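So the chains spell out like this:
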Amino acid sequence: MPEVAAPDRKVQFKEKVMWTAITLFIFLVCSQIPLFGIMSSESSDPMYWMRVIMASNRGTLMEMGITPIVTSGMIMQLLAGANIIEVDYSLKEDRALFSGAQKLFAMVIAIGQATVSVWSGVYGDPKDIGPGISFLLVLQLCIAALITMLLDELLQKGYGLGSGISLFIATNICETIVWKAFSPTTYNTGRGTEFEGAVVAFFHLVFTRNDKFRAVKEAMYRQNLPNLSNLIATVLVFAVVIYLQGFRVEIPVKSNRYRGQQGNYPIKLFYTSNMPIMLQSALVSNVFFISQLLYKRWPENLLVQLLGVWKSPEGIPQEYAASGFAYYISPPHSLTKALLDPLHFVVYVTFMLTACALFSKTWIEVSGSSPRDVARQLKEQQLVMRGHRDNSMYKELKRIIPTAAAFGGLCIGALSVSADLLGAIGSGTGILLAVTIIYQYFEIFIKERQEEGSAMF
């Protein structure tokens, strides 16, 4: 498998910024280059629910986005965490072998997903496309997946900031929010020409309508197109998540190696960061994907109908769950819809909060951040909790960490539900992912600047 060589010297901060910008530019270009050989992409999109978290763009080279990398990474991480495969991260050979296996598995997933997409008629009937063009479509998707993997590896090896996965997700979501706020695209809604962008539409309505109060009201609450209340809700959720990022429990520690050296070990409220919402979204997206495919094939089957009945609103090709399990785990997109169907709302909220809390607690066990792992790391650094014996440190961490993980997962779920109810642009899940990733980049930026400053003196 092709790989990016690790840097043989310390990469300067300016170089890291440059490589991060180049990586982002390549991703954005690939997101706009259409796949050669597509006959049709006007039908309902079975990957619609995954595109927000997988940084994918339909009908382009980034059709699969980061799906192969994320799926491969999560499965390998779960296998390693459950000790099904044994990996010693302290050994360079083990790390290289694990990374190579992860990349190979990602390519296998990419080939499988590309083949299924072409064969199932996502880009048109395979009989009409022909075997030659079908092979070209699969080849384009696989090469794009390999490029995405190498871009992610470039950043993770230390040439850039953060990881490609996080960068692509945040860019994709922010691009959606900016477009829906400032899009110059016009639509004829029956009440005259309207702009898609909420901000552009506000100024257009205020300047062209005689009744200014009604113009402002329409810009705030118009249906079927982004409005100012959606934009305000998005900004509000951004602010709340950034505020909650500062919540943490400081555990006082002291060094056994150096007498008098003391410090704090922080345990954040969002201990598992955005991982619970990513896992929950991946689960729900896969349920929607399977349910849609089954309903298209066997719409009269009772078990298939129990899993989900899919219908498309008038004039919109995209299908949405109308009943069944898929309907009850999909978010109501406004307070009005939640009040009209309270059972749907209650089931959705219960499922969302429970799933996020459980995924958060499970992730700490498989990702090397459980109380036992943290206690071992502190012990290796010869750090102990002030006021506690060595053998009681694990008990204290066990009291704090799982609680922080579960409560943090609950908070993430509750914020996602609130964002969906308020009609925030880009979905609650998307906004939470974007904010947590941007905040992580802010912390990386500060850390890099401090290291560069300390290196100068």
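Before reading on, note that the structure itself is shown above.
Analysis parameters
- Residues numbered from 1 in each chain as written.
- Predicted model: local features only at pLDDT ≥ 70, side-chain atom pairs only at ≥ 80, totals over all residues.
- Heavy atoms only, no water.
- Phe/Tyr/Trp six-rings, centres within 6.5 Å; stacked < 30°, edge-to-face > 60°.
- Helix = DSSP H or I, 4+ residues; strand = E, 2+ residues; numbered from the N terminus.
- Buried < 20%, exposed > 50% of the residue type's maximum accessible area, 1.4 Å probe, protein only.
- Pairing = 2+ DSSP bridges.
- Axes fitted to C-alpha atoms, helices over the stretch in contact; angles between N-to-C directions.
- Core = buried A, V, L, I, M, F, W, Y, C linked by side-chain atoms within 4.5 Å.
- Contact = heavy atoms within 4.5 Å.
- Parallel < 35°, antiparallel > 145°, perpendicular 65-115°, else oblique.
- Left-handed = near helix turned anticlockwise from the far one by under 90°.
- Nonpolar A, V, L, I, M, F, W, Y, C, P; charged D, E, K, R; others polar.
- Salt bridge = Lys/Arg side-chain N within 4 Å of Asp/Glu carboxyl O.

Asks: I keep staring at the packing of aromatic side chains and nothing clicks. Help me out?
Replies: Aromatic rings considered in pairs are described by the distance between their centres and by the relative angle of their planes. Inspection of every chain in the model, using the stated rule, returns 8 aromatic pairs. Ring geometry for phenylalanine 27 versus phenylalanine 168: centroids 4.3 Å apart, planes at 10 degrees, classification stacked. With a gap of 141 residues between them, phenylalanine 27 in helix α1 (residues 13-30) and phenylalanine 168 in helix α7 (residues 164-182) connect regions that are remote in the sequence. For phenylalanine 168, a relative accessible area of 0% translates into the label buried.

Asks: I would appreciate a short explanation of the sheet that holds strand β7 (residues 383-385) in the present structure.
Replies: Picture the strands of a sheet paired through backbone hydrogen bonds; they go either parallel or antiparallel. Ordered by their spatial adjacency, 3 strands build an open sheet running β4-β3-β7, and the pairing between neighbours is antiparallel. On the outer flanks of this sheet lie β4 (262-268) and β7, each paired with one strand and no other. Sheet twist, expressed as the average angle between the axes of neighbouring strands with direction ignored, equals 45 degrees. Of the pairings in the sheet, the one linking strand β3 (residues 248-255) to β4 comprises 7 bridges and is antiparallel in character. Note that in β4 the partner of arginine 248 across the bridge is lysine 268.

Asks: I keep staring at the nonpolar core and nothing clicks. Help me out?
Replies: For soluble globular proteins, nonpolar side chains are generally found buried alongside one another. Formed by 79 residues in total, the largest nonpolar core has its most connected members in Ile66, Tyr123, Ile169 and Phe270. Here the element with the most residues in this core is helix α6 (residues 131-159); it accounts for 9 residues. Every residue in contact with phenylalanine 270, bar those within four places of it in the chain, is listed here: Val241, Leu244, Gln245, Gly408, Cys411, Ile412 and Leu415. Ranked by size, the runner-up nonpolar core spans 16 residues in total, among them Ile364, Ala375, Leu397 and Ile400.

Asks: Looking at this structure, I do not really get the packing of helix α8 (residues 198-208) against helix α9 (residues 212-221). What am I missing?
Replies: Geometry of a packed helix pair, given as the angle between the helix axes and the separation of the axes. One way to put it is that α8 packs onto α9 with a least axis distance of 8 Å and a crossing angle of 165 degrees. Between α8 and α9, the angle falls in the class roughly antiparallel. You can see that α8 and α9 cross each other, and the crossing is right-handed. Listed contacts from α9 to Phe202, Leu205, Val206 and Phe207 of α8 are Lys212, Ala215, Val216, Glu218 and Ala219. When grouped by side-chain class, the residues that make up the contact of α8 with α9 number 7 nonpolar, no polar and 2 charged.

Asks: Sorry if this is basic, but what is going on with the pattern of salt bridges here?
Replies: Side chains that carry opposite charge are capable of pairing whenever their charged atoms lie near each other. Enumeration over the complete set of coordinates arrives at 10 salt bridges. Linking glutamate 448 and lysine 16 is a salt bridge whose minimum nitrogen-to-oxygen distance equals 2.9 Å. Here lysine 16 lies in helix α1 and glutamate 448 lies in helix α18 (residues 428-456), a separation of 432 residues in the sequence. There is no split in this pair, since glutamate 448 and lysine 16 are both buried. Close ionic contact of glutamate 396 with arginine 399 constitutes a salt bridge, the shortest N to O distance being 2.5 Å. Here the residue glutamate 396 and the residue arginine 399 both occupy positions in helix α17 (residues 393-422), the gap between them amounting to 3 residues, near one helical turn.

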